[in-house]
Amino acid sequence: MLGDLARLSIDELEEIRRLRVADAYDRLADFDPVRRLDLDRDWRRLAALMDAAGFPINPITGGSLFPDERRAWGDEIRSRHLNVDEVAQGAEHLNRVSFDLLAPHMRSVLEAEGGQHVDLDPSSPDHLKAIALSEQGRIAIPDEVVHDATQVVGERYHRLVAFFDAAARHNQCTVFWAG
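All residue numbers refer to positions counted from 1 along the written sequence of the respective chain. For a predicted model such as this one, the threshold for reporting local features is a pLDDT of at least 70, and the threshold for listing and counting side-chain atom pairs is 80 or more; totals across whole chains, interfaces and linings nevertheless cover every residue. As a convention, hydrogens and water are excluded, and side-chain values are obtained from all of the structure's heavy atoms.

A separate point is the pattern of salt bridges. Counted as salt bridges are all cases of a side-chain nitrogen of Lys or Arg within 4 Å of a carboxyl oxygen of Asp or Glu. Within this structure, the stated rule accounts for 13 salt bridges. In this structure, D4 and R36 form a salt bridge, with 3.2 Å as the shortest nitrogen-oxygen distance. Highlighted residues: D4 in strand β1 (residues 3-8) and R36 in strand β2 (residues 36-40), separated in sequence by 32 residues. A simple rule labels every residue: compare its accessible area, found with a 1.4 Å probe on the protein chains alone, to the largest value its type can have, and call it buried under 20%, exposed over 50%, or partly exposed in between. Residue classification places D4 among the buried residues on the basis of a relative accessible area of 8%. The class of R36 is partly exposed, set by a relative accessible area of 26%. Taking the shortest distance from any N to any O, the salt bridge between E113 and R45 comes out at 2.5 Å. By definition, any uninterrupted DSSP run of H or I lasting at least four residues is a helix, any uninterrupted run of E lasting at least two residues is a strand, and each is numbered from the N terminus.

With that out of the way, let us pick up the environment of L8. Its location among the elements puts L8 in strand β1. You can call L8 buried: its relative accessible area is 0%. Along the backbone, L8 and F31 are 23 residues apart, and their C-alpha atoms lie at a distance of 9.3 Å. Two residues form a contact once any of their heavy atoms are found within 4.5 Å. Discounting residues that sit within four places of it in the chain, L8 has contacts with L13, I16, L28, F31, R35, Q172, C173, T174 and V175.

With respect to burial, strand β5 (residues 173-178) is a largely interior element, six of its six residues being buried. Where burial is concerned, the two faces of β5 agree: the one with C173, V175 and W177 and the one with T174, F176 and A178 are both buried. Pairing between strands requires that DSSP locate at least two bridges from one strand to the other. Both strand β4 (residues 80-82) and β5 contribute to a ladder of three bridges, which runs antiparallel. Bridge pairing in β5 places R80 opposite F176.

Attention now moves to the side chain of D4. Reaching out from D4, the side chain makes a polar contact with the side chain of R36 at a distance of 3.2 Å. Excluding its chain neighbours within four sequence positions, the residues that come into contact with D4 are R36, L37, D38, V175, F176 and W177. Polar contacts, as counted here, are pairs of nitrogen or oxygen atoms within 3.5 Å of one another; within protein the pair requires one atom able to donate a hydrogen and one able to accept it, and residues that are adjacent in sequence qualify only if both atoms are side-chain atoms.

Without other data, these values stay purely geometric and don't point to any function.
Quick look at the structure:
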């Protein structure tokens, strides 16, 4: 599931909020790349890192449902928005917290992702068979996987900081959605 953020004025937010859900989604998806940030699948990891670091406002999962509680879209996380004050607070906190402070949480974020693990040992009689859930807790994520994920998510974090800086400077709101 890919995640996106859009930054928009209060008037645009209200205008889009009044649209039918499909039209609101299309309108946000068509935003100019300058006002839209594609977080790809890394939005989950970013959100988890910011939660682990105790962010007062999580720029991805915080705020209110958008366009409202009844019409918010999305399966894993429903569409959300931050108002101008929340964006300003989020931008301030993002600027204070270097990614170097979040990076040590990456291994635990990756471990929490779960998913199905398989036996990758070619000499094992269970090669490519699913590993029992009771055994999965013993699986260590290789350091190079943690390193690579940290590099990718770190780049997205720096883009998120710049995105929120711009939104705060322009007194804008944000909308997050995953689909």
